[in-house]
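Chains, contacts and geometry: an overview
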Amino acid sequence: MKESKTTRVLIKIVLCLLAVICALPMLLVLINSFKTHQDIVHNPLAIQFTAGLSNYVKAWTDGRFAQGLLNSVVYTGSTVIVVLVFATLAAYVIAGRKVRGTSVVLSYFLVTMTMPVYLFLIPLYRVYAKMGWLGNHVAVSFILAACGLPLAISLLRAFFMSIPKELEEAARIDGAGTMQVIRHIILPLLSPGLVTVGIITGLNSWNEFLVSSTFLTGQKNFTAMLSLMSLNGTNTSNHGTNMAATVIIVAPIIIFFILMQRRFIEGMVSGAVKG
């Protein structure tokens, strides 16, 4: 049954209102980042640009965001790479490749999704301290990757199950090995799922606080999120600086998601239909 024109208009109006409601807080933060502390306290809703870029300069220098953003890129990139590599290999086996026990392994991964990471922080911290890995962004990213693997494996499994097995069988008849099949046949077909998993993992890693604050000791090892929190501790009375620091943290995420939103939506829709 086709939707009426009135229904479509109402749906668009509701969606526009929801978009405005979601965008208003960030817009308010952006406006206040160009205002002095006194102007924000006097009227946070007023549109003024009295401080210019001074808040951004102060936030950038005091929060050491140059180092923090670089650390976040390493931390996030390492996590995404580890998740994509191991989730792809695990999902390939679990997606019905005639290996015994895969249903038990899948159930195990689903159960681990309900277990919070802070249950393992103390033993993990002792191990990392003994190994000398505290402050190592790549090593710490393994912890975050382990937390993201169950969801990534579940998503990629749906994509693997949609790939016709006849393609793999034909490649094996031609003499292709397992890694050749994955590289030349499966990965091109799996690209929407990889993009979706990469975006989800990347956003979670960029915004992560608990693991990074526990294992990345020393300000030189701070991620951008930790730099923001340290800045809030030293500039609690300067709302303008805090607003500018928030924009510095959020802007890369928004730009990245705008550039990748089409691939992300295609991947989510494709995975929902195929799974």
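Read on for an overview of the structure. Small disclaimer: the values here were computed from a predicted structure and weren't measured.

The next thing to look at is the overall build of the protein. Counting its regular elements, the protein contains 12 helices and zero strands. Overall size of the protein, expressed as C-alpha extent along the three principal axes, is 70 × 65 × 30 Å. Evaluated residue by residue, the protein yields a buried proportion of 37% over its 275 residues. Of the roughly 16100 Å² of accessible surface on the protein, a fraction of 70% belongs to carbon and sulfur atoms. Between the averaged position of the 20 positive side-chain charges in the protein and that of its 9 negative side-chain charges there is a distance of 3 Å.

Once that is clear, we can look at a nonpolar patch on the surface. Together, Val111, Met115, Tyr118, Leu119, Phe120 and Leu210 make up a nonpolar patch on the protein surface, roughly 570 Å² of accessible area in all. Residue class for phenylalanine 120 comes out partly exposed when judged on its relative accessible area of 36%.

Here the focus is the layout of surface pockets. Estimated volume of the largest pocket: approximately 690 Å³. Mapped onto the lining of the largest pocket, the elements with two or more residues apiece are α4 (65–94), α5 (102–112), α6 (121–131), α7 (137–162) and α9 (178–207). Per element, the largest residue contribution to the lining of the largest pocket is 12 residues, and it comes from α7. Quantified by volume, the second largest pocket comes out at close to 230 Å³. Around the second largest pocket sit 14 residues that line it, and Thr76, Gly202, Leu203, Trp206 and Phe256 are the ones nearest its centre. For the lining of the second largest pocket, the secondary structure elements donating two or more residues are α4, α9 and α12 (239–274).

In this fold, serine 191 is placed in helix α9. The class of serine 191 is partly exposed, set by a relative accessible area of 26%. Sequence separation between serine 191 and glutamate 169 is 22 residues; the distance between their C-alpha atoms is 20 Å. Polar contacts involving the side chain of serine 191 include one to the main-chain carbonyl oxygen of proline 188, which spans 3.1 Å.

Our focus in this paragraph is the packing of α5 against α7. For the pair α5 and α7, interaxial distance at closest approach is 8 Å and the crossing angle is 130 degrees. Classified by the interaxial angle, the pair formed by α5 and α7 is oblique. In the crossing of α5 with α7, the sense of the turn from one axis to the other is left-handed. Residues Leu106, Phe109, Leu110 and Thr112 of α5 pack against Pro150, Ile153, Ser154 and Arg157 of α7. Here the contact of α5 with α7 is built from residues that sort into five nonpolar, two polar and one charged.

A negative phi angle is the norm for most residues apart from glycine, just as the trans form is the norm for most peptide bonds. If you check the backbone angles, arginine 64 has positive phi at about 50 degrees while not being a glycine. Within the element layout of this structure, arginine 64 appears in the loop between α3 (54–62) and α4.

For the rest of this paragraph, the subject is the packing of aromatic side chains. All chains considered together, the criterion is met by seven aromatic pairs. Taken together, a centroid distance of 5.9 Å and an interplanar angle of 45 degrees make the contact between tyrosine 125 and phenylalanine 215 tilted. Here the residue tyrosine 125 occupies a position in helix α6, and phenylalanine 215 occupies one in helix α10 (residues 210–215), the gap between them amounting to 90 residues. Take phenylalanine 215: its relative accessible area is 0%, and that puts it in the buried class. Taken together, Tyr125, Tyr128, Trp133 and Phe215 form an aromatic cluster joined through their ring pairs.

Further remarks concern the nonpolar core. Ranked by internal contacts, the top residues of the largest apolar core, which has 25 residues, are Val83, Ala87, Ile153, Leu156, Phe160, Ile186 and Leu190. For this core, the secondary structure elements donating two or more residues are α4, α5, α7 and α9. In contact with isoleucine 153, not counting residues within four places along its chain, are Ala87, Ala90, Ala91, Ile94 and Phe109. Grouped together as the second largest cluster of nonpolar side chains are 17 residues, Tyr56, Trp206, Ala244 and Val247 included.

Our next topic: the packing of α4 against α9. Helix-helix packing is described using two parameters, namely the angle between the two axes and the distance between the axes. Two numbers describe how α4 lies on α9: the axes approach to 8 Å, and their chain directions differ by 140 degrees. The angle between the axes of α4 and α9 places the two elements in the oblique class. Crossing angle aside, the handedness with which α4 passes α9 is right-handed. On α9, the residues touching Leu69, Ser72, Val73, Tyr75, Thr76, Thr79, Val80, Val83, Leu84, Thr88, Leu89 and Tyr92 of α4 are Thr178, Ile182, Ile186, Leu187, Leu190, Leu194, Val197, Gly198, Thr201, Gly202, Ser205 and Trp206. Class assignment of the residues belonging to the contact of α4 with α9 gives a composition of 15 nonpolar, nine polar and no charged.

Criteria and thresholds
- Residues numbered from 1 in each chain as written.
- Predicted model: local features only at pLDDT ≥ 70, side-chain atom pairs only at ≥ 80, totals over all residues.
- Heavy atoms only, no water.
- Helix = DSSP H or I, 4+ residues; strand = E, 2+ residues; numbered from the N terminus.
- Buried < 20%, exposed > 50% of the residue type's maximum accessible area, 1.4 Å probe, protein only.
- Areas by Shrake-Rupley, 256 points an atom, 1.4 Å probe, with all protein chains shown as cover.
- Lys, Arg positive; Asp, Glu negative; His and termini not counted.
- Charge placed at Lys NZ, Arg CZ, Asp CG, Glu CD.
- Patch = residues over 30% accessible without salt bridge, like charges linked within 9 Å, V, L, I, M, F, W, Y side chains within 5 Å.
- Salt bridge = Lys/Arg side-chain N within 4 Å of Asp/Glu carboxyl O.
- 1 Å grid on protein atoms, 1.4 Å probe; cavity = no way out; pocket = protein on both sides within 12 Å on 5 of 7 lines; lining within 4 Å.
- Points joined across faces, edges and corners; volume = space filled by probe spheres on them.
- Polar contact = N/O pair within 3.5 Å; in protein donor to acceptor, adjacent residues only side chain to side chain.
- Axes fitted to C-alpha atoms, helices over the stretch in contact; angles between N-to-C directions.
- Parallel < 35°, antiparallel > 145°, perpendicular 65-115°, else oblique.
- Left-handed = near helix turned anticlockwise from the far one by under 90°.
- Contact = heavy atoms within 4.5 Å.
- Nonpolar A, V, L, I, M, F, W, Y, C, P; charged D, E, K, R; others polar.
- Phe/Tyr/Trp six-rings, centres within 6.5 Å; stacked < 30°, edge-to-face > 60°.
- Core = buried A, V, L, I, M, F, W, Y, C linked by side-chain atoms within 4.5 Å.

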